[in-house]
Number of protein chains: 2
Amino acid sequence: MDLRRLRYFIAVAEELHFGRAARRLHISQPPLSQQIQTLEQEVGVALFERTGHRISLTDAGRELLPRARLVLAQAEAAKTAVQRVGRGESGALELGFTGSLPFTPVMPRVLHDFRRAYPGVQLQLRELSTREQIERLTAETLDVGFFRPTRHELLEQLETRVVLREPLLLALHADNPLARRKRLPLAALTQEPFILYSRSVSTGLHDQILALCLKAGFAPRIVQEVHEMPTIIGLVAAGVGVALVAASMRQIHVPGVVFLPLAETGVATDILLAWKRGGESAALRNFLAIALSEAK
Amino acid sequence: MDLRRLRYFIAVAEELHFGRAARRLHISQPPLSQQIQTLEQEVGVALFERTGHRISLTDAGRELLPRARLVLAQAEAAKTAVQRVGRGESGALELGFTGSLPFTPVMPRVLHDFRRAYPGVQLQLRELSTREQIERLTAETLDVGFFRPTRHELLEQLETRVVLREPLLLALHADNPLARRKRLPLAALTQEPFILYSRSVSTGLHDQILALCLKAGFAPRIVQEVHEMPTIIGLVAAGVGVALVAASMRQIHVPGVVFLPLAETGVATDILLAWKRGGESAALRNFLAIALSEAK
DNA sequence: ATATTTGATATGTTATCCATATCATGGATC
DNA sequence: GATCCATGATATGGATAACATATCAAATAT
């Protein structure tokens, strides 16, 4: 199983024509036929069906094609990553985060410290939903991600650490009579219109808040679902309704929005750092070291 | 970037000793040094630091090690996956069957045994009429099918085997006076209302039963045509008429339906296994091996 | 029936890979 | 500090593998 043979195989599988594939590979046709035959001998399975004038992939060939592409892509990625390190850029790191994270104390601090400690690392920031982050982390098209707890079947393939736990606060409009109180029990919100996190995108918070309300004895009247926390603040300012948000949302100063602690204790939301187990790059290891040391 | 070179690199990186790594790779030391140098030239970065007596990984080498492992592992996985498909241990198989087949002893047993022997094969079951199966088998949008004999011009393009021969029984309602007899000659049914198989969908059974009746000296009074055997049982139970059904229909226990053997001997219906000649996938070959070995 | 296109085969050349032999250098030992 | 040992690099020749040119056999198209 040679990378060159895999490359040849992909060319033939894509062109479905030995001659064209050979031209694309800048070799002549006979050695290509020969290499494919060698590859087929090696795996012990026919990869193409040669029925006279035209060829087609066998089941085995169809199985191999995407895998061969993956192997080649990863080899290529390894090469460029190594070269980047060689040029002193010491690697690249793609970091995912949800919209609320930049307002928390943890993400800015980690970024700042990492940038100072490893100025050579090319740090790419990507705002992505929790779900997208989990999918890209498992597919290894993202190195590390910040998000809040959720349910997702791929989560168990990832390594996660809680890096911050912050209380949930009630955000409501200053004109609301309840805004004059010092703290509020959830039960006081029975009649309030609720802004909630989207069930499909922010499953964890959606379910958590719903469960809290039910425990307090009422089902919230949901007037709006949103994807990201900061959006909520805008809606609260616009008088659309009340919402439960992480304490760090207080960072966002919008006239007319008041934050109140809940009377209930222990109502909080975690911030997680997640990455794929095994095969951590040097840059990722360094990032994790900094992020986790600041986590307590 | 050759897979061999990556393998060599991993060995040296793990042993941190060219001699030991060479021994592990069953080659001598000089070519190993040479291959590592070639690899370093290829990526343009030093992977090891040779400081006199001992060597260590450079940052670039540390970056490469986990990635090289990943590439090799995935190449290996691709190989075994392809081989599994080649051996028919994985892949997909689409199986057609008519409505009466699940009640026969042969189809459930074959499915059970095949699933146990080749759990990796994705087995798709499709309830299809005999005609549809024949058309899809010749068009190769179906891999294999179970049905009863019929006339169809495309049949000669298919390979067929009889996997079970079962007697035809008379199904009639318990209230029918004839139901008290132990066995019945066909001639006793001259005046009975007949439920028959649709001429267009189940040509074989339709013609067979019509011929039997004519041979017994009467033309049956057909009150209803149906597409599938199990449907008949329901109609018999409803008192619509009498019918000839395969013995395995006795599996369907519906109150009010009585099954009686015919006085005539040798009145039976076959169950066929059919597939398209040539180009059998490995999974299909394995399926046929199991199905035909149980056919006797 | 003939021409054309396709992938497979034959053969010689070149490049790659490996083994044996040898060299250069950094530590360890006396 | 001279010697010895271990380690990786270099030199050289032979085996293997990959390639190009020339050619073939079979399937289509004209």
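Attention in this report is confined to the structure presented alongside it.

Re the overall build of chain A
Broken down by element type, chain A carries nine helices and 11 strands. For chain A, whose C-alpha radius of gyration is 27 Å, the value lies well above the compact-globule estimate of 19 Å for 296 residues. Structurally, chain A occupies a C-alpha span of about 85 × 45 × 30 Å along its principal axes. The buried share of chain A, taken over its 296 residues, is 50%. Partitioning the intrachain contacts of chain A with sequence separation of at least 6 by distance along the chain shows that 70% fall at a separation of at least 24. Here chain A displays about 14100 Å² of accessible surface, and carbon together with sulfur accounts for 51% of that area. Side-chain charges of chain A comprise 36 positive and 30 negative groups, with the mean position of each set lying 3 Å from the other.

Here's the deal with the protein's contact with DNA strand C
In the vicinity of DNA strand C there are 22 residues, among which His17(A), Ser33(A), Arg50(A), Tyr8(B) and Ser28(B) approach most closely. Here DNA strand C approaches the protein such that, of its atoms within 4 Å, sugar and phosphate make up 77%. Contacts to DNA strand C include Phe18(A), whose backbone N or O atom sits 3.0 Å from a phosphate oxygen. Contact between DNA strand C and Arg5(B): a phosphate oxygen at 2.8 Å from a side-chain N or O atom of the residue. Counting only elements with at least two residues in the surface near DNA strand C, the list comes to helix H2 (18-25) and helix H3 (29-43) of chain A together with helix H1 (3-15) and helix H3 (29-43) of chain B. Here the surface near DNA strand C takes four residues from H3(A), the largest share from any one element. A per-class count over the surface near DNA strand C returns seven nonpolar, 12 polar and three charged.

Considerations on helix H6 (residues 130-138) of chain B
All names here are of chain B. Looking only at H6, the buried set comprises Thr130, Gln133, Ile134, Leu137 and Thr138. Buried residues of H6, viewed axially, fall in a sector of 120 degrees; they line one side. Lining the buried residues of H6 we find strand S3 (91-97), strand S5 (144-147), strand S6 (158-173) and strand S11 (268-276). Backbone geometry just downstream of H6 places glutamate 140 in the positive-phi region, at approximately 60 degrees.

Here we look at the nonpolar core
Counting residues in hydrophobic clusters, the biggest one holds 64 residues, and the most contacted among them are Phe9(A), Leu32(A), Phe48(A), Phe9(B), Leu32(B) and Phe48(B). Other than its neighbours up to four places away in sequence, Leu32(B) contacts Tyr8(B), Val12(B), Phe18(B), Ala21(B), Ala22(B), Leu25(B) and Ile27(B).

A few points about the packing of helix H1 (residues 3-15) of chain A against H2(A)
When two helices pack together, you describe them by how their axes are tilted relative to each other and by the distance separating the axes. Residues and elements named next belong to chain A. Where H1 contacts H2, the two axes come as close as 8 Å, and the packing angle between them is 130 degrees. For the element pair H1 / H2, the angle class is oblique. Judged by the sense of rotation from one axis to the other, the crossing of H1 with H2 is right-handed. On H2, the residues that touch Arg7, Tyr8, Ala11, Val12, Glu14 and Glu15 of H1 are Phe18, Arg20, Ala21, Arg24 and Leu25.

Remarks on helix H2 (residues 18-25) of chain B
All names here are of chain B. Turning to H2, its buried residues are Phe18, Gly19, Ala21, Ala22 and Leu25. Seen along its axis, H2 keeps its buried residues to an arc of 165 degrees; they face one direction. On its buried side, H2 packs onto H1, H3, strand S1 (48-51) and strand S2 (54-57). A positive backbone phi angle near 60 degrees is found at histidine 26, which sits one or two residues after H2.

So, the pairing of strand S4 (residues 121-127) of chain B
Two elements, S3(B) and S4(B), share seven bridges in a ladder whose sense is parallel. In the sheet register, Glu94(B) faces S4(B), and the bridge partner there is Gln124(B).

Here's the deal with the interface of chain B and chain A
With 28 residues of chain B at the contact, the number on the chain A side is 32 residues. Summing both partners gives a buried area of about 2600 Å² for chain B against chain A, and 73% of it is carried by carbon and sulfur. In this assembly, chain B and chain A are joined by zero salt bridges. Viewed at the interface, chain A and chain B are joined by three residue pairs in polar contact (both at pLDDT 80 or more). The element best represented in the side of chain B that touches chain A is helix H4 (residues 59-86) of chain B, accounting for 19 residues. Tallied by class, the residues present in the side of chain B that touches chain A amount to 16 nonpolar, five polar and seven charged.

Here's the deal with the packing of aromatic side chains
Residue and element names in this part refer to chain A. Counted according to the given criterion, the structure contains 10 aromatic pairs over all chains. Relative to phenylalanine 287, the ring of phenylalanine 114 has its centre 5.2 Å away and its plane inclined at 70 degrees; by these criteria the two rings are edge-to-face. Taken together, the residues phenylalanine 114 in helix H5 (residues 106-117) and phenylalanine 287 in helix H9 (residues 282-293) connect sequence positions 173 residues apart. Using a relative accessible area of 1% as the deciding quantity, one classes phenylalanine 114 as buried. Look at phenylalanine 287 and you get buried, because its relative accessible area is 0%.

Describing the packing of H2(A) against H3(A)
All names here are of chain A. Remark: H2 packs on H3, axes separated minimally by 9 Å, with the N-to-C direction vectors making an angle of 105 degrees. As judged from the angle between their axes, H2 and H3 are roughly perpendicular. Counting all contacts with H2, which are made through Phe18, Ala21, Ala22 and Leu25, the residues of H3 involved are Gln29, Leu32, Ser33 and Ile36. Taken together, the residues that form the contact of H2 with H3 break down as six nonpolar, two polar and no charged.

Here we look at the protein's contact with DNA strand D
Arg5(A), Tyr8(A), Ser28(A), Ser33(B) and Arg50(B) are the nearest of the 21 residues found near DNA strand D. Here DNA strand D approaches the protein such that, of its atoms within 4 Å, sugar and phosphate make up 76%. Here Tyr8(A) contributes a side-chain N or O atom positioned 2.7 Å from a phosphate oxygen of DNA strand D. Within the contact set of DNA strand D, a phosphate oxygen lies 3.4 Å away from a backbone nitrogen or oxygen of Gly19(B). Breaking the surface near DNA strand D down by element, the ones donating at least two residues are H1 and H3 of chain A together with H2 and H3 of chain B. The element best represented in the surface near DNA strand D is H3(B), accounting for four residues.

Digging into the environment of Ala219(B)
All names here are of chain B. Here alanine 219 lies in the loop between helix H7 (203-215) and strand S8 (221-226). Residue classification places alanine 219 among the exposed residues on the basis of a relative accessible area of 56%. When the C-alpha atoms of alanine 219 and threonine 190 are compared, they prove to be 7.5 Å apart, with 29 residues separating the residues in sequence.

Calculation criteria
- Residues numbered from 1 in each chain as written.
- Chains lettered and ligands numbered in written order.
- Predicted model: local features only at pLDDT ≥ 70, side-chain atom pairs only at ≥ 80, totals over all residues.
- Heavy atoms only, no water.
- Helix = DSSP H or I, 4+ residues; strand = E, 2+ residues; numbered from the N terminus.
- Rg over C-alpha atoms; globule rule 2.2 N^0.38 Å.
- Buried < 20%, exposed > 50% of the residue type's maximum accessible area, 1.4 Å probe, protein only.
- Contact = heavy atoms within 4.5 Å.
- Areas by Shrake-Rupley, 256 points an atom, 1.4 Å probe, with all protein chains shown as cover.
- Lys, Arg positive; Asp, Glu negative; His and termini not counted.
- Charge placed at Lys NZ, Arg CZ, Asp CG, Glu CD.
- Near = heavy atom within 4 Å.
- Polar contact = N/O pair within 3.5 Å; in protein donor to acceptor, adjacent residues only side chain to side chain.
- Nonpolar A, V, L, I, M, F, W, Y, C, P; charged D, E, K, R; others polar.
- Arc of directions from axis to C-beta.
- Core = buried A, V, L, I, M, F, W, Y, C linked by side-chain atoms within 4.5 Å.
- Axes fitted to C-alpha atoms, helices over the stretch in contact; angles between N-to-C directions.
- Parallel < 35°, antiparallel > 145°, perpendicular 65-115°, else oblique.
- Left-handed = near helix turned anticlockwise from the far one by under 90°.
- Pairing = 2+ DSSP bridges.
- Buried area = accessible area lost by both parts, 1.4 Å probe.
- Salt bridge = Lys/Arg side-chain N within 4 Å of Asp/Glu carboxyl O.
- Phe/Tyr/Trp six-rings, centres within 6.5 Å; stacked < 30°, edge-to-face > 60°.

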